[in-house]
Amino acid sequence: MNKALRKAVIAGNWKMNKTPAEAKVLIEEMKPLVADADCEVVLCVPFVDIPAAIEVAKGSNIKIGAENVHFKASGAYTGEIAADMLKELGVEYVVIGHSERRQYFGETDQTVNLRTLAALGAGLKPIVCVGETLEQRELGYTETLLKFQTKMALTNVTAEQLKDVVVAYEPVWAIGTGVTATAEQADEGNGYCRAAIAEVYGTDVAETVTIQYGGSMNAKNADELVSKVNVDGGLIGGASLKAEDFSIIVKAASK
Ligand code: PGA
């Protein structure tokens, strides 16, 4: 991390876990554990958990995020949720382009970009996910792919809007597998994303963008990962479902 230049953000991604009642219990447990954080603390929760999560998190330093958002403002899109709907509830962040959405729900670089623009237009802060598969890594395409995905996701995003964007480098092979990228691999991947941003917006701007690492980040490896200059926090799946573990990661990013 380089806290002099950019904000560290630790965000939980609960995925399809926890009912609203369970969400309240978990956030209550987390609140005192992360109260002293010297980083941004975010919990991205299932849509239906959002009102309960916002109610419980009120008055604490925990910000609530969603896990996806539609790219249209309204209309005939059965089952979808628009950015304004989230904003009105008090949502601040939204995960966009998670690899599970790319893999299972037809998300493309273009829809990731449209969702990012919709989120920014409504005043939400997108956490834009990029990452290579194991096959792409083994073929030697990691740098090319990360730069392409990052640039595609940010197409038509202004330098001013970029201040509200968080990028999350999540190697697909490290998500939910227990296989973490080494701290060097994480730093390198985040560095490629930053380089892509620099190619479009210039180095000074790129140096201010928060770029998280995600993929089996946990209480044991968080310290080493966030010690890397390009790793400005994390997007945490499994370990964000355990208050104690999540708080240890928050502490690592608070140093
Ligand atoms: P994981 O998930 O921490 O369970 O690997 C990370 C993510 O998918 O954001």
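Look up a bit, the structure's there.
Residues numbered from 1 in each chain as written. Predicted model: local features only at pLDDT ≥ 70, side-chain atom pairs only at ≥ 80, totals over all residues. Heavy atoms only, no water.

A. Broad picture of helix H7 (residues 142-153). Helix length check: H7, at twelve residues, gives a terminal C-alpha distance of 16 Å against a target of 16 Å (1.5 Å per residue), a fit within 8%. All buried positions along H7 are accounted for by Thr-142, Leu-145, Leu-146, Lys-147, Gln-149, Thr-150 and Ala-153. (Helix = DSSP H or I, 4+ residues; strand = E, 2+ residues; numbered from the N terminus. Expected span 1.5 Å × (residues − 1). Buried < 20%, exposed > 50% of the residue type's maximum accessible area, 1.4 Å probe, protein only.)

B. Summary view of the nonpolar core. The biggest cluster of nonpolar side chains holds 67 residues, and the ones touching the most others in it are Ile-27, Leu-43, Ile-62, Ile-64, Ile-197 and Tyr-213. By size, the runner-up hydrophobic cluster in this structure holds eleven residues, among which are Cys-44, Val-95, Cys-129 and Leu-235. (Core = buried A, V, L, I, M, F, W, Y, C linked by side-chain atoms within 4.5 Å.)

C. Region of the structure containing the packing of aromatic side chains. A full pass over the atoms with the stated rule returns two aromatic pairs. Pairing Tyr-104 with Phe-105 gives two aromatic rings, centres 6.3 Å apart and planes at 80°, and the pair type is edge-to-face. Positioned over the ring face of Phe-105 is Arg-101, at 4.2 Å from the centre of the ring. (Phe/Tyr/Trp six-rings, centres within 6.5 Å; stacked < 30°, edge-to-face > 60°. Lys NZ or Arg CZ within 6 Å of the ring centre and 35° of its normal.)

D. Just the site of the ligand, in detail. The environment of the ligand is made up of 13 residues, and the closest members are Lys-15, His-98, Glu-170, Gly-176 and Ser-216. In this structure, His-98 approaches the ligand through a side-chain N or O atom, which is 2.6 Å from an oxygen atom. Between the ligand and Ser-216 there is a distance of 2.7 Å, counted from an oxygen atom to a backbone nitrogen or oxygen. The fraction of the free accessible surface of the ligand (280 Å²) that becomes covered by protein chains is 95%. (Near = heavy atom within 4 Å. Polar contact = N/O pair within 3.5 Å; in protein donor to acceptor, adjacent residues only side chain to side chain. Areas by Shrake-Rupley, 256 points an atom, 1.4 Å probe, with all protein chains shown as cover.)

E. Looking closely at the sheet that holds strand E5 (residues 125-130). Strand order in the closed barrel formed by eight strands is E1-E2-E3-E4-E5-E6-E7-E8, with parallel pairing between adjacent strands. Within this sheet the neighbouring strands show an average axis-to-axis angle of 25°, counted without direction. When strand E3 (residues 62-66) meets strand E4 (residues 93-96), the two strands line up parallel, connected through two bridges. In the sheet register, Ala-66 faces E4, and the bridge partner there is Val-94. Packing against the sheet, helix H12 (residues 243-254) makes contact with strand E1 (9-13), strand E2 (40-44) and strand E8 (233-236), and its axis sits at approximately 160° to E1. (Pairing = 2+ DSSP bridges. Axes fitted to C-alpha atoms, helices over the stretch in contact; angles between N-to-C directions. Contact = heavy atoms within 4.5 Å.)

F. Representation of the pairing of E8 in the model. Of the two faces of E8, the one holding Gly-233 and Leu-235 and the one holding Gly-234 and Ile-236 are both buried throughout. The pairing of E1 with E8 spans four bridges and is classified as parallel. Each bridged residue has a counterpart across the sheet, and for Gly-12 the counterpart in E8 is Ile-236. Relative to E8, strand E7 (residues 210-214) runs parallel, the two being bridged by two bridges. Residue pairing for E8: Tyr-213 is matched across the bridge by Gly-234.

G. Summary view of unusual backbone geometry. A positive phi is found at Lys-15, a non-glycine position, where the angle reads about 55°. Its identity is not glycine, yet Ser-216 carries a phi of approximately 55°, on the positive side. Inspection of the secondary structure puts Ser-216 in the loop between E7 and helix H11 (222-226). Judged by relative accessible area, Ser-216 falls into the buried class, the value being 17%.

H. The arrangement of the pattern of salt bridges in detail. Scanning the entire structure with this criterion turns up 17 salt bridges. Lys-163 is paired through a salt bridge with Glu-160; the nearest N and O atoms lie 2.9 Å apart. Relative accessible area serves as the criterion here: at 60%, Lys-163 is assigned to the exposed category. Linking Glu-184 and Lys-228 is a salt bridge whose minimum nitrogen-to-oxygen distance equals 3.3 Å. (Salt bridge = Lys/Arg side-chain N within 4 Å of Asp/Glu carboxyl O.)

I. Expanded view of the packing of helix H5 (residues 109-121) against H7. Following both chains from N to C, one finds H5 and H7 inclined at 40°, their axes separated by 8 Å at the closest point. Classified by the interaxial angle, the pair formed by H5 and H7 is oblique. In this structure, H5 uses Asp-109, Gln-110, Val-112, Asn-113 and Thr-116 to contact H7, whose residues at the interface are Phe-148, Gln-149, Met-152 and Ala-153. Counted by class, the contact of H5 with H7 contains four nonpolar, four polar and one charged residues. (Parallel < 35°, antiparallel > 145°, perpendicular 65-115°, else oblique. Nonpolar A, V, L, I, M, F, W, Y, C, P; charged D, E, K, R; others polar.)

J. Examining the packing of helix H1 (residues 20-34) against H12 more closely. Relative to each other, H1 and H12 sit at 30°, their axes nearing to 9 Å. In the packing of H1 onto H12, the handedness of the crossing is right-handed. Side by side, H1 and H12 meet where Leu-26, Glu-29, Met-30, Leu-33 and Val-34 of the first sit next to Ala-243, Glu-244, Phe-246, Ser-247, Val-250 and Lys-251 of the second. Its residues assigned to classes, the contact of H1 with H12 shows seven nonpolar, one polar and three charged. (Left-handed = near helix turned anticlockwise from the far one by under 90°.)

Shape descriptors only; they carry no functional weight alone.
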